Amino acid sequence: MGKVTGFMEYERKNFVLQPVEERTRHYDEFISGLSDEEMQIQAARCMDCGVPFCHSNYGCPIANIIPQFNDLIYKDQWELAFRTLMSTNNFPEFTGRICPAPCESACVLGINDIPVNIKGIEYTIIEKAYEKGWMKPQIPKGQTGKSVGIVGSGPAGLAAAHQLNKAGHHITVYERDSRIGGLLRYGIPNFKLDKKKVVQRRIDMMKAEGIEFMTDAHIGVDIPVKTLQDRHDAIILTGGASQPRDLPIENRDAEGIYFAMQFLSQCNSRIEGEQVATEDEILATDKHVIVIGGGDTGSDCVGNSVRQGAASITQIELLPKPPLERDESMPWPTYPRLFKISSSQAEGCDMDFNVLSKSFIKDVSGKVTGINCVKIEWEGRGFTEIEGSNFVLKADLVLLAMGFLGPEQSGTLAELNLETDERSNVKTTNYQSSVEGVFAAGDMRRGQSLVVWAIHEGRECAREVDAYLTKHPSMLNAKDHSLYEHRG
């Protein structure tokens with residue numbers, strides 16, 4: 001490492017957030033990066049630790065070569081740092097914004113100090129690459145004559161498309177919505193990931209590389225899967241785990257109760273200028289909003305509700321409040337479940353833990369007006385209700401953000417009659433499903449997870465598809481930054 005004592009000399013410096021009163025007036029990104037000189041100092045904090053857990057399975061699912069690009073930044077070799085980053089990560093502009101950074105939780109420095117600002121360094125590298133023109137279309141130098149159809153344009157599908165296109169295969173990505181991006185486009189709020197400046201910028205580059213995108217193409221519903229099987233030499237299913245967990249309690253049929261993704265997708269569609277029918281609109285404006293679920297999806301609902309001018313926002317969670325620091329159940333370098341206030345939660349919401357929703361309350365017109373709740377006490381994996389702790393939460397809008405159960409079982413999966421595992425995910429061997437030539441990756445295969453894991457899935461699946469098509473071991477995913485330049 002260029003500065004082996006840097007971790008003892010420099011303190012961590014984070015990006016600057018726009019003040020709450022300013023950023024809640026718009027839906028744009030509100031993070032300001034650091035200068036090149038400041039980022040070089042941050043990179044200098046990377047230790048010569050010998051065994052860097054940051055790019056182990058505990059740290060980075062895609063095995064970013066973090067110590068190397070940190071060292072290159074410290075030495076002011078930004079372009080080589082960019083090449084190194086791109087050798088393992090297809091979309092650092094996404095992960096540099098929305099990844100929870102398990103790499104930082106696994107940083108050796110983090111054992112007894114504040115870890116290296118790896119996420120900030122990654123963000124800075126890729127944005128500089130765009131600014132300097134290093135990030136440009138990589139057009140394959142040759143074609144294999146093989147064709148691959150990818151169903152779903154979320155991070156797993158895009159990663160697979162990017163990898164297989166570099167290998168010289170002809171790629172077509174099918175998306176049932178009107179815009180490309182899947183979860184990136186319709187799930188993650190615009191203020192965390194700008195759709196026009198960031199997502200569309202990358203989609204346009206992939207188009208320039210020769211990848212075809214077909215929107216409004218609902219495979220298994222409007223277009224039979226058989227059509228794709230006849231058209232392509234292989235198919236990859238990357239439709240995600242889009243089946244939401246419901247809350248089937250009394251009065252669930254009340255008007256004003258929605259799944260989180262219904263609300264979030266509308267928010268993003270509206271920002272991009274898509275028309276939402278008035279009778280279908282889900283708006284938090286002047287309403288008492290209850291978000292059920294304490295994870296990132298629930299937090300995203302909070303941020304959008306704040307910007308829409310909700311009268312009040314309360315986020316409730318069935319589980320206990322996480323600890324502030326690691327305990328024996330979360331040993332380093334595993335990713336710890338710690339209590340952190342997200343940027344959206346800091347903008348204004350009440351939070352409550354150990355809350356069980358007993359029933360919804362509705363008025364004579366059928367509209368939700370509240371939730372009957374009770375506090376609970378956990379004992380191991382079970383809980384008991386605390387006697388006398390019942391209370392009512394006022395609600396005009398309830399958003400269910402309790403996670404996802406798996407992929408939709410109708411449509412594509414039903415037509416192909418694919419084998420599934422005990423969690424209803426597509427069952428695979430080396431990413432190939434029970435049907436010859438049909439592969440699966442991402443949340444559809446793995447279950448609900450992080451964007452960085454979806455990218456990993458797409459990359460690994462692409463390698464298996466490449467080997468399947470060429471009948472030779474695949475060179476894809478080799479940890480060689482020159483591969484980004486010459487693999488065709």
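Residues numbered from 1 in each chain as written. Predicted model: local features only at pLDDT ≥ 70, side-chain atom pairs only at ≥ 80, totals over all residues. Heavy atoms only, no water.

A. Geometry of the pairing of strand 10 (residues 312-316). Burial analysis of strand 10 places four of its five residues in the buried class, which makes it a mostly covered element. In the sheet, strand 9 (residues 288-292) pairs with strand 10 via five bridges, with the strands oriented parallel. Residue His 288 lies in a different strand from strand 10, and its bridge partner there is Ser 312. In terms of handedness, the path from strand 9 via helix 14 (residues 296-307) over to strand 10 forms a crossover that is right-handed. The sheet contact formed by strand 10 and strand 11 (residues 350-352) spans three bridges and is parallel. Looking at the pairing, Thr 314 lines up with Asp 350 of strand 11. (Buried < 20%, exposed > 50% of the residue type's maximum accessible area, 1.4 Å probe, protein only. Helix = DSSP H or I, 4+ residues; strand = E, 2+ residues; numbered from the N terminus. Pairing = 2+ DSSP bridges. Right-handed = clockwise from strand over helix to strand, strands pointing away.)

B. Fine view of the nonpolar core. Ranked by internal contacts, the top residues of the largest apolar core, which has 40 residues, are Ile 236 and Val 465. Counting residues per element, the ones that place at least two in this core are helix 6 (92-98), strand 3 (147-151), helix 9 (155-166), strand 4 (170-174), helix 11 (195-208), strand 6 (234-237) and helix 17 (451-470). Among the elements that line this core, the one with the most residues is helix 17, at eight residues. Ranked by size, the runner-up nonpolar core spans 30 residues in total, among them Cys 54, Cys 107, Tyr 123 and Trp 134. (Core = buried A, V, L, I, M, F, W, Y, C linked by side-chain atoms within 4.5 Å.)

C. Spotlight on the pattern of salt bridges. Using the criterion set out here, one finds 25 salt bridges in the structure. A salt bridge links Arg 201 to Glu 127, with the shortest nitrogen-to-oxygen separation between them at 2.9 Å. Of this pair, Arg 201 sits in helix 11 while Glu 127 sits in helix 8 (residues 118-132), and the two are 74 residues apart along the sequence. When the shortest N-O distance is used, the salt bridge between Arg 270 and Glu 281 registers 3.8 Å. With Arg 270 in helix 13 (residues 260-271) and Glu 281 in the loop between helix 13 and strand 9, the pair connects residues that are 11 residues apart, well separated along the chain. Residue Arg 270 is classed as partly exposed on the basis of its relative accessible area, which comes to 27%. The exposure class assigned to Glu 281 is partly exposed, which follows from its relative accessible area of 31%. (Salt bridge = Lys/Arg side-chain N within 4 Å of Asp/Glu carboxyl O.)

D. Representation of the pairing of strand 14 (residues 382-385) in the model. Two elements, strand 13 (residues 368-379) and strand 14, share four bridges in a ladder whose sense is antiparallel. Within the sheet, the bridge partner assigned to Glu 377 lies in strand 14 and is Thr 384. Linking strand 13 to strand 14, which pair antiparallel, is a turn of two residues; within it Gly 380 sits at a positive phi near 65 degrees.

E. Region of interest: the sheet that holds strand 8 (residues 257-259). If you trace the five strands from one edge of the open sheet to the other, you get 8-16-9-10-11, paired in parallel fashion. Because the sheet does not close on itself, it has two edges, and the strands there are strand 8 and strand 11. The mean angle between the axes of side-by-side strands here comes to 20 degrees, regardless of whether they run parallel or antiparallel. Two elements, strand 8 and strand 16 (residues 397-400), share three bridges in a ladder whose sense is parallel. Pairing of Tyr 258 across the sheet is with Leu 399, part of strand 16. Each of strand 8 and strand 16 is contacted by helix 13, which is oriented at about 75 degrees to strand 8, the strand it contacts most. Lying on the sheet, helix 14 is in contact with strand 9, strand 10 and strand 16; it crosses strand 10 at an angle near 175 degrees. (Axes fitted to C-alpha atoms, helices over the stretch in contact; angles between N-to-C directions. Contact = heavy atoms within 4.5 Å.)

F. Here's a closer look at the side chain of Ser 433. Within the secondary structure layout, Ser 433 lies in the loop between helix 15 (412-416) and strand 18 (438-440). Its relative accessible area of 9% is what places Ser 433 among the buried residues. Within the local environment of Ser 433, its side chain forms a polar contact with the backbone nitrogen of Val 435, the two atoms lying 3.1 Å apart. Here Val 438 takes part through its backbone oxygen, which lies 2.8 Å from a polar atom of the side chain of Ser 433. Ignoring sequence-local partners within four residues, the contact set of Ser 433 consists of Leu 418, Val 426, Lys 427, Thr 428, Val 438 and Phe 439. (Polar contact = N/O pair within 3.5 Å; in protein donor to acceptor, adjacent residues only side chain to side chain.)

G. Just helix 11, in detail. Across its 14 residues, helix 11 extends 18 Å between first and last C-alpha, which sits within 8% of the 20 Å expected from 1.5 Å per residue. The sharpest bend along helix 11 measures roughly 30 degrees and falls at Arg 201. Those residues of helix 11 lying buried are Lys 195, Val 198, Val 199, Arg 202, Ile 203, Met 205 and Met 206. Where helix 11 starts, the residue carrying a side-chain oxygen 3.0 Å from the main-chain nitrogen of Lys 196 turns out to be Asp 194. Following helix 11 by one or two positions, Gly 210 has its phi on the positive side, about 110 degrees. (Expected span 1.5 Å × (residues − 1). Bend = angle between axes of the 7 residues up to and from the residue.)

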